[in-house]
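Analysis of the macromolecular model
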Amino acid sequence: MTQLLFKHINVEGLANIDVYEKHGGYETLKKALEQKPEEILETVKASGLRGRGGAGFPTGLKWSFLAKDVFPRYLVCNADESEPGTCKDRELLLKNPHLLIEGMILCAYACRVEIGYNYIRGEFYDLCEIFEKALEEAYERGYLGKNILRSEFNLDIHTHLGAGAYICGEESALLNSLEGMRGEPRLKPPFPAVEGLYGKPTVVNNVETLCAVVPVVEGGAEAYAALGTEKSKGTKLVSVSGHVRNPGNFEVVLGTPTSEIIEMAGGMREGRKLKAFIPGGSSVPMLPAGKVDTPYDYESLQAAGSMLGSGALIVMDDSANVVKETLRIASFYMHESCGKCTPCREGTRWLHQILGEIESGRGKDENIELLQDISDNMSFKCFCPLGDAAIAPVLSGIANFREDYEELLSQAKAGAAAE
Amino acid sequence: MFAFSETSEKEIEKQLVKYPPERKKSAILALLRIAQQQNGYVSAEAMEEIGRRLDLSPAYVESVCSFYTMYYTRPVGKYVIMFCINVSCHLLDCDNLLEHTAKKLNIQVGETTADKMFTLLREECLAECSRAPVMRINNDYHVNLTPQKIDQILDSLK
Amino acid sequence: MPKKTQTETVTLTIDGKTVTVPKGTVAVDAAKTVGIDIPVFCYHEKLGPFGCCRMCLVEVEKMPKLATACTQAVGQDMVIKTDSPKAVKGRQGVLEFTLLNHPLDCPVCDKGGECPLQDNTFEHGPDLTRTEFTRYNRDKAVPLSPVVTIDRERCIACQRCTRYSDIVEQETALVMVNRGFQNRVQTFQDRPYDTRFSGNVVDICPVGALTNTTYRFKSRIWDLDNAETLCAHCGVNCNIVVGVRSNEFMRVQAKSGENSQANDAVDDGWICDKGRFGYGFVESSNRVLKCRNGKGDTLEANDALGQAATQLKKITDEHGPQSVGFIGSPYGTNEELYLYQKLFRQQLGTNNIDFKTYRQTPGLPVEHYDVGDIETSDMVLLIASDPTEEAPVLDLRIKKSVSFFDVKLAVLNDQKTDMDKPAASSLRYNVGSEAEVLSALIEALNDKPVRGLEKTAGIAPKQIKDLAATIQGSGKVCVIYNPAALTGSASDRILELLQTIGGLPDKQCGAIPVAPGTNAVGALDMGAHPNFYPGGLALSDSEKIKTLWGDEAPLQPGLSALEMIQKAASGELKGLVVFRANPVVDFPGGPTVAEALKKLDYLVVHDMLETETTQLANLVLASNGPGYDDGTTTNIGGRVQFRKRSLVREDHPPDWVLISRMIRALDPEAPSYKNSFGVTDEISQKVPGYEAINKNAIKGMGMPRKGSACSEVQGNGAPAAEKSENGALRLRVANYLFAHDKILDASSPLSHHFKSSTVYLNAEDAKALGIETGDEVKVVSGDAEVSAEAEVSDRCNPGAALVPRVSDEQGLMALVGDPDAAVWVQIKK
Ligand SMILES: Cc1cc2nc3c(=O)[nH]c(=O)nc-3n(C[C@H](O)[C@H](O)[C@H](O)COP(=O)(O)O)c2cc1C
Ligand code: SF4
Ligand code: SF4
Ligand code: SF4
Ligand code: FES
């Protein structure tokens, strides 16, 4: 099993810089500083590393989009991890904060950035303290600050705590939040690489992405690209949750069959059968058991009708009712809709209302069609992708598990007849 | 009247240096948090004070404050229990655990116990899904919850 | 926010029509140019693209998703379809979402008839609502302030109002709180939304969520007659639309993209709250509706004006032309003031004509800048001016220029104002030291050493030098100043400063004098000045004067307004016409002015409201005034616009008719005019600078008149700083927009803004005097005293007492003697 990010994850005290260094920590940085920034950028590009925050955008390419010759530039690490089902960034931050720091330094060096922020979701107050402690250690050893390891390269990293808003994981909302505003998404273009934080070119990357930069630079582009599939290189942390025996975060080589990942998590519970799984967090369509052998990579999951998303594999066995879970998820999006745009603000609430009716046995047959049409009226018409995320479970649930809906609807009919 | 304590002032200083001086608005989330840490919640007076500190209108401060769920604008209990009810926890029966907790505290979700010790709230995904069910009490996570474990935790806080 | 002019263009197709527009134009605006109306809610051209309502979805070829036409910048060869099935379904869906929680209130909603939501629903809407749920529960009509009502039930969260408060007003007083469907437009803790510019949100709200409280339920839109006209309060001359039903005043709106087209050269489509809610005077119970004599007998207008003319003529026959005079006001139109000066110069043979009590002569040594020039300047130098209180919409323009066009703002003032916030630098000199400060600045600009003026002016030479350096380093400099706030020789120094800046190498310089009143610029242009004929012709320019006004034209210098009062007191002045002014309250001296006026043999007061001065008149001529009379005014930027009447009076002639009849009473040969434009035409012939002004030329946006060059700038007299004696403080009279006077009377919907008399003291002085904030004190000068509440603040430097003029009742002008001399006051507990 290839372990890049999780190689030492369970080493006692890894969050301490001594322990981290003992396991090879900051060696990659030392070697990298001997290279030119462009070389590091090239390596990341050539490795095929894609963003692990959800959208899967090629990381090196994103870095190369930074507006030329505009300074200062900023690096923002997205540690807002809020996508339901996702808990990998938390584990990295909790146990291996120095890996992230090293990754951020590498990124900053490659992108000629001198100020970085780690936007940590407010609920991770504990992790913020751990991360700040690690920053202190890194400053003490000269990995941060002025003239890092006598390379004339300077970098300061600060933490910034969020305060409870899923939408602040969306990069432009995150930047607004970092600037002290309401976390409403911004109009794009301009993209952050051109006008990001404080109107300056900004790289925004997920925790896992930045961590992965360390092994990419350490082992070289070729070695990294040798792992995985044609379009999905390297390894991915998968958060497995729900109805499995041993839920947890697992680092898998991209392309590993989903069923194998479920096995890693101990498989299904005693006497239960797989019914549905959501491969990439609540924002992606759920798939039926029949698709469980789909290779876990960007392109295969897309071909199967879903997405890899943030790498959160939520497993439901035959005890689950898809309508009930969809209602939960719908309630989440209603709660997290920032309210800026009409279709999402109104649509998430309407979907929730109708699903609530169906779930509580008051649904009507035509509700299914209405759910679909409301979803269609939201689809790609919202200001940001949250609106599209909100309809994914609804549409996929109806498409793949219509029987769960129909069962509740027929109960409703029976109930009405009895009255 | 609201005034930041000495400890808070030190913390504010630490926060303000993170941002370019002409961008001190960035510190608004931090100042709201510090005010809440100090007084348990963010009062209207605190918002006005934060506005003065950062050259922002009090309305602006309220607008930002109200966007984020982690700020309380009314007093809460000494311990705020945030119970994750999102899908991964839901699959593992968090509904019953929440009900169990509410019963034990003898309050409804959203309420504070009479002795002002506990406030019980529903919370969206806390990002500990593979150790569901999960709750947060103030800044501490509690995972793999069972009724017994909840009883233990609550008793230890009393 | 639209950036500065873009010259490159792109060509594209919208619904098959070819469109060429400047690069960067958004699709909505591009479509408008070929008559295609893409529905919008959140988009507002003055607020910039935002994209939240999603109403404007269109299909763009080669783009997988529908695009919002309000945010989509058009590109070369783009093909946009607004009517494809996909686009239509998209918009229908959005509309359904928008209406989901919106009450079906149209029949009782004030917006009904001019509501974009209603219109879009008719045009693009779904036939039926498919929701069976009760609407989200929000509050119905509650006051947001005494003049604005909010109906949160109707709000569609377009954020126009909150963005306006942030981007335009720049106060973030109105904000969005909460998130998701629970979001809510609100002020801090639901306190009143009472900024200077709050009413604009009523115009821009695309639904009936924000309404004008004074108009609520008064009329239906379709019953209104709308007149596009001008505000008659301050010198900005904002464009307004007055709604009238059966000759009854209903409401004022800004003239904007919402109802017509905004006049960007003047107001950018915004007005202040005084302009919107301060029109109660047109129907005030205090109006002078009929002419009357001193005994109170009502007179027919023609009889009254005839009496006035012959009586004045009789006085000049007996006592010579210097025995009569005219005190006009900056609230008259060009036509009215022109005719009055003509009456006094041609028929009565005197130059005793004035309209103000401060020192100012017509003409500038540099260009007279239009308001729009502020945006294209590199630097704005604001001197002794408090736009927020004196010319509010100018405040918005300056803030916009600073925020969006990188204009550097430097403030020189003796008091703290709202303009300090956007200012890059802000110098506060001691009250009364402006002449010295301006002299120092001139020296610095001439690269001469700057004398120490910390003691006398409270400013360090370094600060002056830095300011001079900024001016020197800026290509285009716009100087905005309030001539009425400059004391002593500062009125000469300001011209010298302008001359100096204008003379710097590679410099464009212009000025905008912002004096109180609607038409101070026009009044000067029309020759309401004892030493200048219309068009800034100095009396010394006798040749030109004779050509224009005949050989009989009086060339003897006239009396200024204050001199007329003095001569009235001494008995030398026998007859006086006061036109729309209230010297008894507004002139320095207060009650002593009344005493002087009582000595006159013949006082004619021509006014629209009863005042302390009409009470003294031997003859009162009823004036219609703004609202009822047509005429032109010239704004602070020198732009001449037409102020159309919105209401009609059948029983009384317009002022311009009344005055022209007075002229004809003395000279039957004098012309009579068909309408007010007849007078305008004569002005174009007789007033240098106004040659191009006529009815057609000023249609729409108005037109700048040509400013006159100023006669020689007075030499460099180093001002002697006056010294305080026995702890007296120097009085500074400041302005307050919502002063409780005859125009904003007790019944005004703005009365919640009325303030009690306050004296602002610097902490240093307050300590020495043992005075604290909240103390009731008397401000005393000689025999006169004014009660006030003390407020200790840094509004002015030590050594001064600043008192805003807050009401007629306050009697503040009693403290002031010669406005040119320092006024020293004692503060007594
Ligand atoms: C509604 C929404 C929520 C998101 N939440 C997160 C998040 O919690 N963490 C994250 O890294 N990216 C999140 N993203 C993705 C970010 O917008 C962005 O694509 C990502 O941070 C880029 O980093 P990457 O390229 O390294 O993945 C979210 C996107 C959306 C639309
Ligand atoms: S889709 Fe619209 S309402 Fe929903 S989160 Fe994004 S911007 Fe906000
Ligand atoms: S009150 Fe009107 S302008 Fe303001 S957000 Fe609501 S609908 Fe828009
Ligand atoms: S700024 Fe002046 S002209 Fe404009 S509306 Fe206000 S008072 Fe009237
Ligand atoms: S008008 Fe385009 S999104 Fe609102």
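Everything in this summary refers to the structure shown in the same document. Sequence order as written defines the numbering, with residues in each chain counted from 1. Each chain takes a letter, starting from A, and each ligand takes a number, starting from 1, following the order in which they are written. Side-chain atom pairs in this predicted model are given and counted only at pLDDT of 80 or more, local residue features only at pLDDT of at least 70, and totals for whole chains, interfaces and linings cover all residues. Values reported for side chains reflect all heavy atoms of the structure, with hydrogen atoms and water molecules removed beforehand.

**Quick notes on the environment of C:S401**
All names here are of chain C.
- Numbering of helices and strands runs from the N terminus; a helix is a DSSP stretch of H or I covering at least four residues, while a strand is a stretch of E covering at least two. By the element assignment, S401 lies in helix α11 (residues 392–404).
- Only protein chains enter the accessibility calculation, which uses a 1.4 Å probe. A residue is then buried if its area is under 20% of the maximum for its type, exposed if over 50%, and partly exposed in between. Assessed through its relative accessible area of 1%, S401 is described here as buried.
- For the pair formed by S401 and I374, sequence separation is 27 residues and the distance between their alpha carbons is 6.8 Å.
- In what follows, a contact means two residues having at least one pair of non-hydrogen atoms within 4.5 Å. Excluding residues that lie within four positions of it along the chain, S401 makes contacts with I374, E375, D406 and V407.

**Digging into the site of ligand 1**
All names here are of chain A.
- For this purpose, a residue is taken to be near a molecule or strand whenever a single non-hydrogen atom of the residue falls within 4 Å of it. Among the 17 residues in the neighbourhood of ligand 1, the closest are listed as G53, N78, N205, N206 and T209.
- Think of a polar contact as two N or O atoms within 3.5 Å of one another; within protein, one of them needs to be a possible hydrogen donor and the other a possible acceptor, and neighboring residues in sequence only count if both atoms come from side chains. One nitrogen or oxygen atom from the main chain of E81 is found 3.5 Å from an oxygen atom belonging to ligand 1.
- Contact distances for ligand 1 include 2.7 Å between an oxygen atom and a side-chain N or O atom of T209.
- Areas reported here follow the Shrake-Rupley algorithm with a probe of radius 1.4 Å; residue values treat only the protein chains shown as occluding. In isolation ligand 1 offers 610 Å² of accessible surface; the protein chains occlude 90% of this area.
- If you tally residues by element for the shell around ligand 1, the top one is strand β4 (residues 202–206), at three residues.
- Any residue that is not Ala, Val, Leu, Ile, Met, Phe, Trp, Tyr, Cys, Pro, Asp, Glu, Lys or Arg is counted as polar, Gly included; the first ten are nonpolar and the last four charged. For the shell around ligand 1, the residue count by class is three nonpolar, eight polar and six charged.

**Remarks on a nonpolar patch on the surface**
- A surface patch of nonpolar side chains, amounting to about 260 Å² of accessible area, comprises A:F57, A:L61 and A:F65.
- By the secondary structure assignment, A:L61 is in helix α4 (residues 59–64). Patch membership requires more than 30% relative accessible area and the absence of a salt bridge. Residues of like charge join within 9 Å; the nonpolar side chains Val, Leu, Ile, Met, Phe, Trp and Tyr join within 5 Å. Whenever a carboxyl oxygen of Asp or Glu lies within 4 Å of a side-chain nitrogen of Lys or Arg, that contact is scored as a salt bridge.

**Here's the deal with the sheet that holds strand β17 (residues 353–354) of chain C**
Residue and element names in this part refer to chain C.
- One open sheet accounts for seven strands, arranged β15-β14-β28-β27-β26-β16-β17; its pairing is mixed. If you trace the sheet from one side to the other, it starts and ends with β15 (298–299) and β17, each paired once.
- Criterion used throughout: strands pair if DSSP finds at least two bridges between them. Two elements, strand β16 (residues 324–327) and strand β26 (residues 575–579), share four bridges in a ladder whose sense is parallel. Residue pairing across strands places F326 opposite V577, the latter belonging to β26.

**With respect to helix α5 (residues 88–95) of chain A**
- In terms of burial, α5(A) is a largely internal element, six of the eight residues being buried.
- Residues of α5(A) that are buried: A:K88, A:D89, A:R90, A:E91, A:L92 and A:L93.

**Thoughts on the site of ligand 4**
- Neighbouring ligand 4 are C:C231, C:H233, C:C234, C:N237, C:C238, C:I271, C:C272, C:G275, C:P392 and C:V393.
- For the shell around ligand 4, the class distribution of residues is seven nonpolar, three polar and no charged.

**With respect to the nonpolar core**
- Within this scheme, the nonpolar core is defined by two criteria: the residues are buried Ala, Val, Leu, Ile, Met, Phe, Trp, Tyr or Cys, and they are joined through side-chain atoms within 4.5 Å. Ranked by size, the top nonpolar core spans 90 residues in total, and within it A:L371, B:I28, B:L32, B:I50 and B:Y68 carry the most contacts.
- For this core, the element with the highest residue contribution is helix α12 (residues 322–336) of chain A, accounting for seven residues.
- Dropping the residues within four chain positions of it, B:I28 is found in contact with A:G180, B:I50, B:L54, B:L56, B:Y60, B:V61 and B:V64.

**What to know about the pairing of strand β20 (residues 408–413) of chain C**
Residues and elements named next belong to chain C.
- Burial analysis of β20 places five of its six residues in the buried class, the great majority of the element.
- Bridge count for strand β19 (residues 379–383) against β20 is five bridges, and the pairing is parallel. Bridge pairing links V380 to L409 in β20.
- Of the strand pairs in this sheet, β20 and strand β21 (residues 425–428) are connected by four bridges, and their pairing is parallel. Residue A410 lies in a different strand from β21, and its bridge partner there is S425.

**Things to note about the interface of chain B and chain C**
- Taken together, the contact pairs 13 residues of chain B with 13 residues of chain C.
- Buried area adds together the accessible area that both of two parts lose upon being put together, with accessible area traced by a 1.4 Å probe. Among the residues of chain B in contact with chain C, B:A59, B:E62 and B:F67 are the three that bury the most area, contributing 39% of the side total.
- Applying the counting criterion to the chain B and chain C interface returns one salt bridge.
- Across the pair B:E48 and C:R191 runs a salt bridge, and its minimum N-O distance is 3.3 Å.
- Here chain B and chain C share seven residue pairs in polar contact (both at pLDDT 80 or more) between them.
- Counting only elements with at least two residues in the side of chain B that touches chain C, the list comes to α3 (44–54) and α4 (58–67) of chain B.
- With seven residues, α4(B) is the largest single contributor of residues to the side of chain B that touches chain C.
- Grouping the amino acids of the side of chain B that touches chain C by side-chain chemistry returns seven nonpolar, four polar and two charged.

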